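Results of the structural survey
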Amino acid sequence: ATAALIVAIISYLVGAIPFGYLIPKWCKGIDIREHGSGNPGATNVLRTMGNEWGILVLCLDLLKGLLPVWLLPMWLLPSDSPAMLHLRVLAGVAAIVGHMLPVYLQFRGGKGVATALGVVIVLGGWGTPVAVSMFLITFAAWRLVALSSMLAVSAFAITQLVILYPYPSQTWSLLGFSVAAPLLIIYRHRSNIVRLWNREEERTEIGKRSST
Ligand code: NKO
């Protein structure tokens with residue numbers, strides 16, 4: 001129980017580091033909240049500052065999910081502990097919630113896609129390659145990052161459900177995560193859903209830069 005509390009707090013604080021806000025502020029003096037979609041995420045940084053900056057934020061936000069899930073449970077539990085999976089899931093949820101609701105930014109954070117990708121790279125399972133493939137194929141077709149993100153997390157949830165459902169007693173935490181994280185991420189995209197519905201969502205062209 002103590003290990004769980006330590007993991008939850010540290011993962012939250014790591015997830016809450018708002019790289020999508022800090023990188024534009026530190027490197028160019030830009031307040032990302034006043035540009036593009038206003039979202040402090042990789043897509044909006046790419047849209048506002050260019051490809052290389054977007055990729056930098058993507059990598060940093062991904063590490064916020066990957067490192068806590070990978071390292072903290074490994075340090076705190078013996079490697080054969082049956083609680084390992086549950087502690088990893090807890091770390092993942094805390095990091096994603098930290099990204100979405102960061103203390104450092106009055107709880108106005110990002111949408112959690114890049115951080116969730118970092119989490120599921122460690123948690124593993126077939127959902128991850130399926131989600132990444134779904135993202136790449138639909139992005140190639142439509143260039144709408146928010147739509148591709150929502151389709152990717154939906155594909156993740158469905159794949160994980162189909163694969164884990166026969167083993168509910170060992171994998172209940174991962175099963176719960178696999179449904180809850182995509183729902184949270186889609187909920188964070190509600191402004192994008194309205195724009196997509198009204199055909200106002202901006203397409204993201206890799207290589208071009210919109211007005212700053
Ligand atoms: O500014 O509102 P915006 O257009 O920026 O941004 C919408 C966008 C916000 O997300 C991001 C991060 C972009 C990351 C792109 C790489 C995603 C690769 C595949 C994701 C699979 C995740 C699976 C997680 C399962 C829980 O959407």
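The structure under discussion appears in the preceding block.
Residues numbered from 1 in each chain as written. Predicted model: local features only at pLDDT ≥ 70, side-chain atom pairs only at ≥ 80, totals over all residues. Heavy atoms only, no water.

**Considering the pattern of salt bridges**
Applying the stated criterion across every chain yields a total of 2 salt bridges. Among the salt bridges present, the one from Lys64 reaches Asp61, with a minimum N-O distance of 3.5 Å. On the criterion of helical spacing, the pair formed by Lys64 and Asp61 is a turn pair, its members being 3 residues apart in helix H4 (residues 51–76). Pair check on accessibility: Lys64 and Asp61 agree, each one buried. For the salt bridge of Arg195 with Glu201, the shortest nitrogen-to-oxygen distance reads 2.7 Å. Classification of Glu201 by relative accessible area gives buried; the value is 12%. (Salt bridge = Lys/Arg side-chain N within 4 Å of Asp/Glu carboxyl O. Helix = DSSP H or I, 4+ residues; strand = E, 2+ residues; numbered from the N terminus. Buried < 20%, exposed > 50% of the residue type's maximum accessible area, 1.4 Å probe, protein only.)

**Overview of the packing of aromatic side chains**
Overall, the coordinates contain 1 aromatic pair when judged by the stated rule. A cation over a ring is seen here: Arg190 above Tyr187, with NZ or CZ 4.0 Å from the ring centre. (Phe/Tyr/Trp six-rings, centres within 6.5 Å; stacked < 30°, edge-to-face > 60°. Lys NZ or Arg CZ within 6 Å of the ring centre and 35° of its normal.)

**Quick look at the site of the ligand**
Close to the ligand lie 21 residues; Ser37, Thr43, Arg47, Lys111 and His189 are nearest. A distance of 2.7 Å is found between an oxygen atom of the ligand and a side-chain nitrogen or oxygen belonging to His189. If you list the elements that add at least two residues to the shell around the ligand, you get helix H3 (42–49), helix H6 (113–123), helix H7 (127–142) and helix H8 (145–164). Taken together, the residues of the shell around the ligand sort by class into 10 nonpolar, 8 polar and 3 charged. (Near = heavy atom within 4 Å. Polar contact = N/O pair within 3.5 Å; in protein donor to acceptor, adjacent residues only side chain to side chain. Nonpolar A, V, L, I, M, F, W, Y, C, P; charged D, E, K, R; others polar.)

**Overview of helix H1 (residues 2–15)**
Relative to the 20 Å expected for 14 residues at 1.5 Å per residue, H1 spans 20 Å between its end C-alpha atoms, a close match to the ideal helical length. Val7, Ser11, Tyr12 and Gly15 are the residues of H1 that are buried. An end-on view of H1 places all buried positions within 120 degrees of arc, on one side of the element. Across H1 from its buried face, at more than 90 degrees, point the exposed residues Thr2 and Leu5. (Expected span 1.5 Å × (residues − 1). Arc of directions from axis to C-beta.)

**Structural notes on the side chain of Arg88**
Within the element layout of this structure, Arg88 appears in helix H5 (residues 84–100). In this structure, Arg88 is buried with no salt-bridge partner, the nearest side chain bearing the opposite charge being Asp80 at 12 Å. Of the polar contacts made by the side chain of Arg88, one reaches the backbone oxygen of Val69; its length is 2.4 Å. When near neighbours in sequence (up to four residues on either side) are disregarded, Arg88 contacts Val69, Trp70, Pro73, Val122 and Leu123. (Lys, Arg positive; Asp, Glu negative; His and termini not counted. Contact = heavy atoms within 4.5 Å.)

**Description of the nonpolar core**
Core analysis: the biggest nonpolar cluster contains 24 residues, and Ile96, Val119, Leu123, Leu174 and Phe177 have the highest contact counts within it. Listing elements by their share of this core, those giving two or more residues are H4, H5, H6, H8 and helix H9 (168–188). The element contributing the most residues to this core is H5, with 6 residues. Dropping the residues within four chain positions of it, Leu123 is found in contact with Val69, Leu85, Arg88, Val89, Leu174 and Phe177. Listed in part, the 12 residues of the second largest apolar core include Ile32, Ala42, Met49 and Val57. (Core = buried A, V, L, I, M, F, W, Y, C linked by side-chain atoms within 4.5 Å.)

**Brief notes about the side chain of Thr204**
Locating Thr204 in the fold gives a position in the segment after helix H10 (190–197). The exposure class assigned to Thr204 is buried, which follows from its relative accessible area of 5%. Dropping the residues within four chain positions of it, Thr204 is found in contact with Thr43, Leu46, Arg47, Phe139, Arg143 and Val145.

**Overview of a nonpolar patch on the surface**
A cluster of nonpolar side chains, namely Ile6, Ile10, Leu63, Leu67, Trp70, Met74, Trp75 and Leu76, defines an oily patch on the protein surface of about 740 Å² accessible area. Those elements giving two or more residues to the nonpolar patch turn out to be H1 and H4. Take the nonpolar patch: its biggest share by element is 6 residues, from H4. Relative to the helices and strands, Trp70 is located in helix H4. On the basis of relative accessible area, Trp70 is assigned to the partly exposed category, the value being 41%. (Patch = residues over 30% accessible without salt bridge, like charges linked within 9 Å, V, L, I, M, F, W, Y side chains within 5 Å. Areas by Shrake-Rupley, 256 points an atom, 1.4 Å probe, with all protein chains shown as cover.)

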